[in-house]
Amino acid sequence: MAEHRIFEFVVSDVTDIAPKNARGFDDRDIQRNMGEKAAYKLELVTSDTRASDITETLSIVLIGYGADSKILVTNVREVVTH
């Protein structure tokens, strides 16, 4: 991120509860959902001109994490800080 001069971003600890991860089992007649797994979410705002380079860099970094890694790029019309 420093290479792209991004020094401010948000990292959140989230839970992935996608149906593809759902597995249940009975343990003494107790149904448990084992589909939840730990995940992290990185959020940052950058210009349109830099978004492509940053997305490419993140893709390279995430190669070792398999198909569970996702990159979402969306438009931001306004950023409000407090």
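Residues numbered from 1 in each chain as written. Predicted model: local features only at pLDDT ≥ 70, side-chain atom pairs only at ≥ 80, totals over all residues. Heavy atoms only, no water.

Another point: the environment of Y40. Of note, Y40 is situated in strand β4 (residues 37-43). For Y40, a relative accessible area of 64% translates into the label exposed. The spatial distance from the C-alpha of Y40 to the C-alpha of D13 is 4.8 Å, given a sequence separation of 27 residues. Setting aside its immediate chain neighbours within four residues, Y40 contacts S12, D13 and V14. (Helix = DSSP H or I, 4+ residues; strand = E, 2+ residues; numbered from the N terminus. Buried < 20%, exposed > 50% of the residue type's maximum accessible area, 1.4 Å probe, protein only. Contact = heavy atoms within 4.5 Å.)

Confidence in the prediction of the protein chain, expressed as mean pLDDT, is 76, and 67% of residues score 70 or more. Ranking the elements of the protein chain by mean pLDDT puts strand β3 (residues 31-33) last, at 53, and helix α1 (residues 48-61) first, at 88. (pLDDT = per-residue confidence, 0-100.)

To continue, consider a nonpolar patch on the surface. A cluster of nonpolar side chains, contributed by F9, V11, Y40 and L42, occupies part of the molecular surface with about 430 Å² of accessible area. Following the sequence through the fold, F9 ends up in the segment before β1 (10-16). (Patch = residues over 30% accessible without salt bridge, like charges linked within 9 Å, V, L, I, M, F, W, Y side chains within 5 Å. Areas by Shrake-Rupley, 256 points an atom, 1.4 Å probe, with all protein chains shown as cover. Salt bridge = Lys/Arg side-chain N within 4 Å of Asp/Glu carboxyl O.)

Turning our eyes to something else, we now look at the environment of E43. As for its position among the elements, E43 is in strand β4. Apart from the residues within four sequence positions on either side, E43 is in contact with F9, V10 and S12.

Moving on to α1. Taking 1.5 Å as the rise per residue, α1 with 14 residues should run 20 Å; its terminal C-alpha atoms sit 21 Å apart, in good agreement. Along α1, the positions that sit buried rather than exposed are A51, I54 and L58. The arc that holds every buried residue of α1, seen down its axis, measures 75°, which confines them to one face. Residues of α1 that are exposed and angled more than 90 degrees away from the buried face: T49 and I60. (Expected span 1.5 Å × (residues − 1). Arc of directions from axis to C-beta.)

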